[in-house]
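A closer look at the structure
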Amino acid sequence: MHYLTEASEIYKQISQLSLSKTLWIDTEIADWYTDKPKLALIQVLADYTDLNGESAYIFDVLDQPDLTVYFINQIMVNSQIEKVFHNAGFDLKYLGKELAENVTCTFKIARKITKEVLQTTNLKLKTLAAELCNFSNVDAEEGSSDWGKRPLTQKQLNYAAMDTVYLAAVHRRLLEISNPDVISRVFNMVNNKSENSSLTPTKVRLAFECPRLFYLNHHFNSKSIFSPKYTLGGVGNVFHKLADDFINLLLIEPRFKSLFNPSATQLRIDEITLEIQQLFYQIKFFPYLQDVIAKDASKAPVLLQVWQGLQGLIKKFTELLVINRRYCSAETVIQNTFISGEHNLEYYFDLPNGTKQLIRGEFDCLVFNFELKRLCIVEFKTYQPVDSAAQLAQASLYSYMLWKQKKAPVDSAVYCVLPEFKEYKYSWEQLENTVHQLIPYKLLQMQQWLSWESPNPNPPPATTQPHLCEICPQQQKCQTFFDVESNAPPNKVIPDNDNPDFIAPSKKQEDISDFSHYLENPTRNLTPQPPSLRGKGENSKPLSLQERGLERGFSDTFKSQKDTFINADEIGASLVAILESFKVNVDYYGADVSPAFIRVKIKPHLGVKVPSILKLSTDLQVQLGLENPPLIAPQAGYVSVDLPRQDRQIAKFEDFIQKEFLPPTAPVKIAIGVGIDGKLLEADLSDPNTCHFLVGGTTGSGKSEFLRSLLLSLIYRHSPQHLKIALVDPKRVTFPEFEQMSWLYSPVVKDSDRAVELMQELVAEMESRYQKFEKAKCADLMTYNQRSSPALPRIVCIFDEYADFMAEKEIRTILEQSIKRLGAMARAAGIHLIISTQRPEASIVTTIIRSNLPGRVALRTSSQADSCIILGGKEKTTAAYLLGKGDLVYQGSSHGQRLQSLLAQTIKLP
């Protein structure tokens, strides 16, 4: 079995399990014989074929309610996961109570069948396991042992694991007796393997936007729409329903036809549009609005957005009807414009490897334009596309399938109705000899992605548009599920020597990751060769300096604040030449310019080992005339060489963050630093991986400036009513400007006794909040604030120079225990710790501290050992070689990112 005790490991595994379809769950309770029982263990099995408990997970959650809350939020309230318990009424007391959804109780199934039919002594789980499922040596006594004592014995762990094994076996046997029809649904889907029998045009669109989200959606039916934050949910389904109602009403309501009685030259689009809108509002929309609001008044904002979208759609359709009125009578213009009939399409595409792929889909609308003498398929979207090429892919599939059905050319259009109406239209001529030829190769690529299984290498590539990750509906699942090391360049297909159907891409073949460039010249000739299956990533092939300059455009050079230019490609060429002089041959893959350094990307030739580049760091420093040696590191598909800039720039705080209070429901994020792409990277304090931070850096590293900019990023965007700040400043120089601000949880702490009191107060506040959550039947602060008034503010404690309090053993012990409790439990209560020190030594930043502060920020350290302590690994020595003055490594999950901290040159409180 997998017995997990570390909070970070448990969080990660819970996230993995949240992708499952069915889970068999049990619990063990400490102090069950008292009036204050406590949840000690949560046992979970995802593989029903396990007969000895090897794949069972045992989460030790004793005195760690934050972990339990996370389990409830990720697993118990997720209606997509079937949770199977034997005595659900008992277990749910500790796992969400009535919040839990999709729960199966095997005891109830057994009781319904009756023990007489089952021919068992009783209906207890162990009895059913032994007498119904023929398990031998079933331990029925260890359940009464002391589950609150640590360490647990091996016998206890075996007992806990086997409970889930017995549960899965009993569940299956009971279903075989009572409801055999559902056996295949439950037990064939446990391993999360969806049959690759058919795809949809929507999934093809998604595969262009993000291959990994496509994978999660296909296998686990995960939500898959990229929508900007704070966008109202529920608009799409309502809009599509009412759009269908509008078209149907147009076809049957005589009053719409009468609007077109005047001759075509007399018709005024704006006047006709307004009259159609008013008619539809009176006949259909207003009654629908009244009915919905009477049931749920909170739906009013959604319906307002829907109506705005419908107004734009009605205007567009009116324009088409007025055009067609020139060719049709008033009596027939509507029915000739809107082609009624079945909207469902399906077609088997022949793939390059000789197989077939079934595509099934349902388009929104089919119209005929008499001026163009052309059918046009129309898709409705209630959001602006994040990738127009992906929309083209979806529309082109419908166009192709409908052409196969009607044997007539079909144009494609996408109507994006919100926040304002925008049309994307593609003619048949643009699609026929370009995109349509590429579809089979894209479908083959999608099949190869879907065949991947975790934890194998070479998963589906990440999106080529990193900004989508910020609005990804499955961001957390993606980060945990695809946590696989790969030596392959991003978005590049890896040859599969064991797969005879694999088609190796040619270096000269076309790129199908972006269809849109084909529209510039629809008559261009395409080679009959299959297009390359790589993505648009810059690592797909080595570029010449000329090619790189054309591709990068303005990003090729960086204009500094002194109006000087840096020719990154020239520097890259110099680096390549120097390496060649050492007989290390590489290809240049481009360069990026950050405020502190220039990152040159190189790809070693076959046979050139990465260590041969790493050991040349000091030689490169000499040859390039650098004050500091470059940081050289292997990346996915290339080697990065970070060269310090001689004209180093600062990242001004005011250039990235403005004073603007966000809504109370907005995520609370802290500014970490500016990345190589010039964008500010922030950490969400509600994320288990970044809910608490350990920050370390020696004198001159910029640690104090980092903490000040971090603090400003909070108070610039969250009001004192929704955010409180606790500050600990033993040196009395880090936060002097903040001592009178209204955000303070308490006066700034400057001595050890008061620091101890503050931490104990935060522990007490956390416990008080959990009591309030329990009474309100809420799992976390966000849910509580949505249901209760007044709302509770989030609390962020920034603890500078933690090492100054570690000299006295008594104080050290109390602080460590408080940090341990807060680190393990406080996230859901909305309390967050940021612990900082100049001396991240092992005796100061102990294992207890490190294990409870998952987020890490390492500025320059005085030694490699200090870097390893902050970043959490023997190989993580990077921080010892940083440049200082805000140059940092941020580690919010498993991978570190080099950033430049913001600098607030003057402190201006809101």
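Remember, it's a predicted structure, so these values are computed and weren't measured experimentally.

We now examine helix 26 (residues 809-825). Because each turn of an α-helix spans 3.6 residues, side chains separated by three or four positions in sequence point in the same direction. Between its terminal C-alpha atoms helix 26 stretches 24 Å, which fits the 24 Å expected from 17 residues at 1.5 Å a residue. Taken together, the buried residues of helix 26 touch helix 1 (7-17), helix 2 (65-76), helix 24 (752-776), strand 25 (794-799), strand 26 (831-837) and helix 27 (847-851).

What follows is about the confidence of the model for the chain. Taken as a whole, the chain shows an average pLDDT of 82; of its residues, 87% reach a score of 70 or greater. Considering each helix and strand of the chain separately, the mean pLDDT is smallest for strand 14 (residues 557-559), with a value of 28, and largest for strand 25, with 96. Here residues 189-196 is modelled with pLDDT under 50, and outside its nearest four sequence neighbours on either side it reaches 22 contacts, counting other chains as well. In this model residues 484-564 is a low-confidence stretch, pLDDT under 50, and it forms 160 contacts with partners more than four residues away in sequence or in other chains.

The subject of this paragraph is the packing of aromatic side chains. By the definition in use, this model includes 35 aromatic pairs. Measuring from ring centre to ring centre gives 5.5 Å for tyrosine 215 and tryptophan 452, while their planes differ by 65°; the resulting arrangement is edge-to-face. Placement of the pair is tyrosine 215 in helix 10 (residues 211-220) and tryptophan 452 in the loop between helix 17 (428-450) and helix 18 (475-481), with a sequence separation of 237 residues. With respect to burial, tyrosine 215 and tryptophan 452 carry one shared label: buried. Put simply, the rings of Phe239, Phe317, Phe338, Phe380, Tyr415 and Phe421 pair up and form one aromatic cluster. A cation sits over an aromatic face here: lysine 442 above phenylalanine 208, 4.2 Å from the ring centre. Taking NZ or CZ as reference, arginine 898 lies 4.0 Å from the ring centre of phenylalanine 597, over its face.

A separate point is the sheet that holds strand 11 (residues 374-381). Pairing within the open sheet is mixed, and its four strands lie in the order 10-11-12-13. Both outer strands of the open sheet, strand 10 (365-369) and strand 13 (422-426), are each paired with one neighbouring strand and no more. Each strand of the sheet is rotated relative to its neighbour by a mean of 25°, with strand direction disregarded. Where strand 12 (residues 410-416) meets strand 13, five bridges bridge the pair, whose relative direction is antiparallel. Bridge pairing in strand 13 places cysteine 416 opposite lysine 422. Packed on one face of the sheet, helix 14 (residues 300-325) meets strand 10, strand 11, strand 12 and strand 13 and runs near 35° to strand 10.

So, about the pattern of salt bridges. Going through the model one piece at a time under the given rule, you end up with 36 salt bridges. One connected set of salt bridges, linked through shared partners, spans Arg599, Asp642, Asp887 and Arg898.

In terms of nonpolar packing, the biggest core is built from 46 residues, with Phe260, Phe317 and Phe380 touching the most fellow members. Secondary-structure elements contributing two or more residues to this core are helix 11 (235-252), helix 13 (269-295), helix 14, helix 15 (333-337), strand 10, strand 11 and strand 12. The greatest single-element share of this core, amounting to eleven residues, is contributed by helix 14.

Before going further, it helps to spend a moment on the environment of isoleucine 672. Looking at where isoleucine 672 falls in the secondary structure, it is placed in strand 21 (residues 669-674). Relative accessible area serves as the criterion here: at 1%, isoleucine 672 is assigned to the buried category. On a C-alpha basis, the gap between isoleucine 672 and serine 901 in space is 6.3 Å, while along the polypeptide they are 229 residues apart. With sequence-adjacent residues up to four places away left out, isoleucine 672 is seen in contact with Leu681, Glu682, Ala683, Phe693, Phe706, Val857, Leu888, Tyr890, Leu899 and Ser901.

As a further point, take the side chain of threonine 68. Topologically, threonine 68 is positioned in helix 2. Threonine 68 gets classed as buried once you look at its relative accessible area, which sits at 10%. Apart from the residues lying within four places of it in its own chain, the contact partners of threonine 68 are Leu39, Val61, Tyr94 and Leu95.

Turning to the packing of helix 11 against helix 13, a few remarks are in order. Geometry of a packed helix pair, given as the angle between the helix axes and the separation of the axes. At a closest axis distance of 11 Å, the pairing of helix 11 and helix 13 adopts a crossing angle of 125°. Classified by the interaxial angle, the pair formed by helix 11 and helix 13 is oblique. For the crossing formed where helix 11 meets helix 13, the hand is right-handed. Two secondary-structure elements touch here, helix 11 through Val238, Lys241, Leu242, Asp245, Phe246 and Leu249 and helix 13 through Ile276, Phe280, Ile283, Lys284, Phe285 and Tyr288. By residue class, the composition of the contact of helix 11 with helix 13 is nine nonpolar, no polar and three charged.

The next point concerns the side chain of glutamine 900. Turning to its location among the elements, glutamine 900 is positioned in strand 29 (residues 896-900). Side chain to side chain, glutamine 900 and arginine 648 meet in a polar contact 3.0 Å long.

Here is what the cut-offs are and how they apply
Residues numbered from 1 in each chain as written. Predicted model: local features only at pLDDT ≥ 70, side-chain atom pairs only at ≥ 80, totals over all residues. Heavy atoms only, no water. Helix = DSSP H or I, 4+ residues; strand = E, 2+ residues; numbered from the N terminus. Expected span 1.5 Å × (residues − 1). Contact = heavy atoms within 4.5 Å. pLDDT = per-residue confidence, 0-100. Phe/Tyr/Trp six-rings, centres within 6.5 Å; stacked < 30°, edge-to-face > 60°. Buried < 20%, exposed > 50% of the residue type's maximum accessible area, 1.4 Å probe, protein only. Lys NZ or Arg CZ within 6 Å of the ring centre and 35° of its normal. Pairing = 2+ DSSP bridges. Axes fitted to C-alpha atoms, helices over the stretch in contact; angles between N-to-C directions. Salt bridge = Lys/Arg side-chain N within 4 Å of Asp/Glu carboxyl O. Core = buried A, V, L, I, M, F, W, Y, C linked by side-chain atoms within 4.5 Å. Parallel < 35°, antiparallel > 145°, perpendicular 65-115°, else oblique. Left-handed = near helix turned anticlockwise from the far one by under 90°. Nonpolar A, V, L, I, M, F, W, Y, C, P; charged D, E, K, R; others polar. Polar contact = N/O pair within 3.5 Å; in protein donor to acceptor, adjacent residues only side chain to side chain.

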